[in-house]
Amino acid sequence: MADEYRLGVLSGDGIGPEIVPATVQVLDAAVAAAGGAPIEWVPLPVGAEAIETHGSALPPITLETLERLDGWLLGPHDSASYPEEHRVQLNPSGFLRKHYDLFANIRPAEAFEGTPALVPGLDLVVVRENTEGFYADRSTYRGTGEYMPTADVAIAMGIFTRPAIERIARQAFELAMRRRKHLTIVHKANVLRLTTGFFRDICREIAADYPEVRVDDFHIDAMTVHLVRHGADFDVLVTENMFGDILSDLAGELAGSLGIAPSINASHQRAMAQAAHGSAPDIAGRNLANPTAMIASGAMLLDWLGSRRAAVLVDEGLRAAVASGVRTADLGGTAGTAEFTDAVVASINELT
């Protein structure tokens, strides 16, 4: 990959304008410490502010510019608070995932040592198929994938296709090969035989190409119980869109807080870093937000781009800051967003 990167900065709504700049600050420090060329950051309008300035939550200038960038940071959005004419459209995150065919949503969940994790030792990754499944807004070429044939009937479609399942399965197996070589397929084939059963069976077919990986599978309802009772036994989970969304939120909370739950949305050509949590408007602008998830998502983007050393420094800096006792409120501490960010930067500098 190139040594110099042009990355978009889409701060979003709520706590986004706090945690996205914090991520830029940390990534700059890590890249410098790793000896890389400075990142060229390209701020772009998105969300409520973009509606006011450009008449759209995701204006054409943003989409046109993203085409020419190596990747981007996307802050959380609060689409529920948008004016009605914008609220009925795909939200910025959903549109970008669909528009750029970001088919792989990779969501790690790992407990931080010394923090109040509900499942100590949790270290797994949810690999979520991101373009179809039971997420209606990504299952059709046009429209939201939901419709009402009468005023009393609402229908959503769940689409499962072999090409989409095969490519997400390969992503999951490749990841398992780099980790502990254990992959779990999550489905509901006992009742959704033709859809999630199809998903399970194709993943099993792909498994033949990865004989070193131990493969098992569980129904989605049983999987939630297994995560709570012995989540540390799992490594890589692969599943469809809706199940992956639910499981990754659960896993993030079991690891200690959704505030530490990162993710990346990627195709083979481009990637978008996005924290798994929402915009938290109730604490926006109060220097209370935990930027860990967004920072760790940025590290995943660096890793995807090929800046492995910088990505490792971000992860080590985060863990060193938390281990030193500098923690935000959701992790049992008193540090604000800015103080925690400064501690991560200081830890990165100390590491080098």
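The structure displayed is predicted, hence computed values, not measured ones. (Residues numbered from 1 in each chain as written. Predicted model: local features only at pLDDT ≥ 70, side-chain atom pairs only at ≥ 80, totals over all residues. Heavy atoms only, no water.)

Here we look at the overall build of the protein
Across its full length, the protein carries 12 helices and 12 strands. Taken over the C-alpha trace, the protein has a radius of gyration of 20 Å; the compact-globule value for 352 residues is 20 Å, and the two agree within 12%. Projecting the C-alpha coordinates of the protein onto the three principal axes gives extents of approximately 55 × 50 × 40 Å. Scored against the burial criterion, the 352 residues of the protein give a buried share of 54%. The long-range fraction of contacts in the protein, counting pairs at least 24 apart against all pairs at least 6 apart in sequence, stands at 74%. For the protein, the computed accessible surface area is about 15,000 Å², with 53% contributed by carbon and sulfur atoms. Seen as two clouds, the 28 positive and the 46 negative side-chain charges of the protein have centres 6 Å apart. (Helix = DSSP H or I, 4+ residues; strand = E, 2+ residues; numbered from the N terminus. Rg over C-alpha atoms; globule rule 2.2 N^0.38 Å. Buried < 20%, exposed > 50% of the residue type's maximum accessible area, 1.4 Å probe, protein only. Contact = heavy atoms within 4.5 Å. Areas by Shrake-Rupley, 256 points an atom, 1.4 Å probe, with all protein chains shown as cover. Lys, Arg positive; Asp, Glu negative; His and termini not counted. Charge placed at Lys NZ, Arg CZ, Asp CG, Glu CD.)

Looking at the pairing of strand S6 (residues 146-150)
Counting buried residues along S6, only zero of its five residues qualify, which leaves the element largely exposed. Relative to strand S7 (residues 153-156), S6 runs antiparallel, the two being bridged by three bridges. Bridge pairing links Glu146 to Ala156 in S7. (Pairing = 2+ DSSP bridges.)

Quick look at the pairing of strand S9 (residues 214-219)
In this sheet, S9 lies alongside strand S8 (residues 182-187) in parallel orientation, the contact comprising six bridges. Residue pairing in the sheet places Ile185 in a bridge with Asp217 of S9. For the crossover that starts at S8, traverses helix H7 (residues 196-207) and ends in the parallel S9, the hand is right-handed. (Right-handed = clockwise from strand over helix to strand, strands pointing away.)

What to know about the packing of helix H8 (residues 220-230) against helix H9 (residues 241-254)
Two elements in contact, H8 and H9, have axes whose closest approach is 10 Å; the angle formed by their N-to-C orientations is 10 degrees. Relative to H9, the element H8 is oriented roughly parallel. Facing Ile220, Met223, Thr224, Leu227 and Val228 of H8, the residues of H9 in contact are Phe243, Leu247, Leu250 and Leu254. The residue makeup of the contact of H8 with H9, split by class, is eight nonpolar, one polar and no charged. (Axes fitted to C-alpha atoms, helices over the stretch in contact; angles between N-to-C directions. Parallel < 35°, antiparallel > 145°, perpendicular 65-115°, else oblique. Nonpolar A, V, L, I, M, F, W, Y, C, P; charged D, E, K, R; others polar.)

Points about the sheet that holds strand S11 (residues 264-266)
Ordered by their spatial adjacency, 10 strands build an open sheet running S2-S1-S3-S12-S11-S4-S5-S10-S8-S9, and the pairing between neighbours is mixed. In this open sheet, the two strands that pair with only one neighbour each are strand S2 (40-43) and S9. Going from strand to strand, the sheet's axes swing by 25 degrees on average, the running direction of each strand aside. By the bridge criterion, four bridges tie strand S1 (residues 6-10) to S2 in an arrangement that is parallel. Bridge assignment links Arg6 to a residue of S2, and that residue is Glu40. Against the sheet, H8 touches strand S5 (123-129), S8, S9 and strand S10 (236-239), its axis set at about 110 degrees to S9. Packing against the sheet, H9 makes contact with strand S4 (104-110), S5, S8 and S10, and its axis sits at approximately 160 degrees to S5.

A closer look at the pattern of salt bridges
The final tally for this structure, using the stated rule, is 22 salt bridges. The partner of Asp245 in a salt bridge is Arg107, with the nearest N and O atoms 3.3 Å apart. One end of the pair, Asp245, is in helix H9; the other, Arg107, is in strand S4, with 138 residues separating them in the sequence. You can call Asp245 buried: its relative accessible area is 16%. Close ionic contact of Asp315 with Arg319 constitutes a salt bridge, the shortest N to O distance being 3.5 Å. Here Asp315 pairs with Arg319, and both are found in helix H11 (residues 308-323), just four residues apart, close to one helical turn. (Salt bridge = Lys/Arg side-chain N within 4 Å of Asp/Glu carboxyl O.)

Remarks on a nonpolar patch on the surface
A cluster of nonpolar side chains, Tyr147, Val153 and Ile155, forms an exposed patch at the surface whose accessible area comes to about 220 Å². Residue position: Tyr147 is located in strand S6. Note on Tyr147: relative accessible area 40%, which makes it partly exposed. (Patch = residues over 30% accessible without salt bridge, like charges linked within 9 Å, V, L, I, M, F, W, Y side chains within 5 Å.)

Remarks on the side chain of Thr196
Here Thr196 lies in helix H7. Taking relative accessible area as the criterion, Thr196 reaches 2% and is therefore assigned buried. A polar contact is formed between the side chain of Thr196 and the backbone nitrogen of Lys188, at a distance of 3.0 Å. Side-chain polar atoms of Thr196 contact the backbone oxygen of Leu192, separated by 3.0 Å. (Polar contact = N/O pair within 3.5 Å; in protein donor to acceptor, adjacent residues only side chain to side chain.)

Concerning H11
An α-helical segment advances 3.6 residues per turn. Residues three or four places apart therefore align on the same side. Taking 1.5 Å per residue as the helical rise, H11 with its 16 residues ought to reach 22 Å, and the 22 Å between its terminal C-alpha atoms agrees with that figure. Taken together, the buried positions of H11 are occupied by Ala310, Ala311, Leu313, Val314, Gly317, Leu318, Ala321 and Val322. End-on view of H11: buried residues confined to an arc of 160 degrees, all on one side of the axis. Seen from the open side of H11, the exposed residues pointing more than 90 degrees away from its buried face are Arg308 and Ala323. Next to the buried residues of H11 lie helix H1 (16-33), helix H10 (292-305) and helix H12 (337-351). One or two steps after H11, the chain reaches Gly325, where phi turns positive at roughly 100 degrees. (Expected span 1.5 Å × (residues − 1). Arc of directions from axis to C-beta.)

Focus: the packing of aromatic side chains
For the coordinates displayed, the defined rule picks out five aromatic pairs. Aromatic pair Phe134 and Phe243: ring centres 6.2 Å apart, planes at 45 degrees, arrangement tilted. Linking Phe134 in the loop between S5 and S6 with Phe243 in helix H9, this pair joins segments that are 109 residues apart in sequence. Note on Phe243: relative accessible area 10%, which makes it buried. One aromatic cluster is present, built from ring pairs that chain together Phe134, Phe160 and Phe243. The ring of Phe112 is capped by Arg319, whose NZ or CZ atom sits 4.1 Å from the centre of that ring. (Phe/Tyr/Trp six-rings, centres within 6.5 Å; stacked < 30°, edge-to-face > 60°. Lys NZ or Arg CZ within 6 Å of the ring centre and 35° of its normal.)

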